[in-house]
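Each chain, written out:
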Amino acid sequence: MHIVQVGMEYDVLKENNKIANSNYRLLKEKGIKTIEFMGSIGAGKTALIIKLAERMREKGLRVCAIAGDVTGDDDQRRMKESGLESVNCNTGHECHLDANLVRKSLDKMDLDRYDVILIENVGNLVCPADFPLGADYRVVVISTTEGDDMVRKHHDIFLHSDVAILNKMDIADAVGVDPAVIFDDYKKLTGGLKAMYGCSTRTEGGMDEIMSVLGL
Ligand code: MG
Ligand code: ZN
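In this text, all values refer to a predicted model and were calculated from it rather than measured experimentally.

### Some thoughts on the environment of E81
Step number 1: Within the element layout of this structure, E81 appears in helix α3 (residues 74-81).
Step number 2: Measuring from C-alpha to C-alpha, the distance between E81 and K59 comes to 20 Å, with 22 residues separating the pair along the chain.

Below, the structure is given as structure tokens:
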């Protein structure tokens, strides 16, 4: 039984990767830069996307978001209220987006109208790691309120992402977390090859650096 399950899982991942490659090619043909945001519920993914999108629009970039959630359209409504165009993408039961769901969202959009697409994954730090969607950058967002052990507990998501962000730097003291511990864990995990960037979507500290890391 266990062997069968492993085999099925392998096929599912292989099929996902195939569609992710096709998404990537489609987005490149259209000249679109795509950035995926992963992280727990409450890490601040939606707020970060909204703030980054505001900066992108100021630079004249045409931006659209895909709001991934198990159910509901709360994030999409927040995006719309901020002036960010977006498509809602509910997974129904799954705790992660997959490349096929993203493809269906892309099919609903007029891709000639956008320069950048921001994808918000479902709040989850585990399985999104295994399901690439076809984005140029995979960004993982954690926050100081989640404690100082996030990197030690979730190796896969940090190893499968291109950029790591520590949000809510402004309240680190208040929640008794030393960001240096988290930055240090990340440095050890990635062999010092990648840096983690601190920010606060509330004070907007660190946002310029994130824009430049993402080539924007
Ligand atoms: Mg959200
Ligand atoms: Zn999942």
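Next comes the rest of the description.
### A few points about the coordination of the magnesium ion (ligand 1)
Step number 1: Protein coordination at the magnesium ion (ligand 1) comes from T46 (OG1), D75 (OD) and E120 (OE), with a distance range of 2.1 to 2.3 Å.
Step number 2: Written as a sequence motif, the donor residues of the magnesium ion (ligand 1) are T-x28-D-x44-E. Taken as a pair, D75 in helix α3 and E120 in strand β4 (residues 116-120) lie far apart in primary sequence, 45 residues in all.
Step number 3: For D75, a relative accessible area of 12% translates into the label buried.
Step number 4: Given a relative accessible area of 2%, E120 falls into the buried group.

### A short note on helix α4 (residues 99-107)
Within an α-helix, residues lying three or four positions from one another point in the same direction, as the helix has 3.6 residues per turn.
Step number 1: Within α4, the full set of buried residues consists of A99, L101, V102, S105 and L106. Looking straight down α4, one finds that the buried residues subtend no more than 160° of arc, so they occupy a single side.
Step number 2: Measuring from the backbone nitrogen of N100 back to the side-chain oxygen at the start of α4 gives 3.1 Å, which picks out D98 as the cap.

### What about the coordination of the zinc ion (ligand 2)?
Step number 1: Around the zinc ion (ligand 2), the protein contributes the donor atoms C95 (SG), H96 (ND1) and C127 (SG), at 2.0 to 2.2 Å from the metal centre.
Step number 2: Of note, the zinc ion (ligand 2) draws all its donor residues from one chain, in the sequence arrangement C-H-x30-C.

### Details of the pattern of salt bridges
Step number 1: Considering all chains together, one arrives at 18 salt bridges under this definition.
Step number 2: Note that K188 is salt-bridged to D184, the shortest N-O span being 3.2 Å. Here K188 and its partner D184 are both found in helix α7 (residues 179-189), four residues apart, which amounts to about one turn of the helix.
Step number 3: Three or more residues joined by partner-sharing salt bridges are found here, namely K51, R55, E204 and D208.

The rules behind each value
- Residues numbered from 1 in each chain as written.
- Chains lettered and ligands numbered in written order.
- Predicted model: local features only at pLDDT ≥ 70, side-chain atom pairs only at ≥ 80, totals over all residues.
- Heavy atoms only, no water.
- Helix = DSSP H or I, 4+ residues; strand = E, 2+ residues; numbered from the N terminus.
- Donors = N, O, S within 2.8 Å, 3.2 Å for Na, K, Ca; no water.
- Buried < 20%, exposed > 50% of the residue type's maximum accessible area, 1.4 Å probe, protein only.
- Arc of directions from axis to C-beta.
- Polar contact = N/O pair within 3.5 Å; in protein donor to acceptor, adjacent residues only side chain to side chain.
- Salt bridge = Lys/Arg side-chain N within 4 Å of Asp/Glu carboxyl O.

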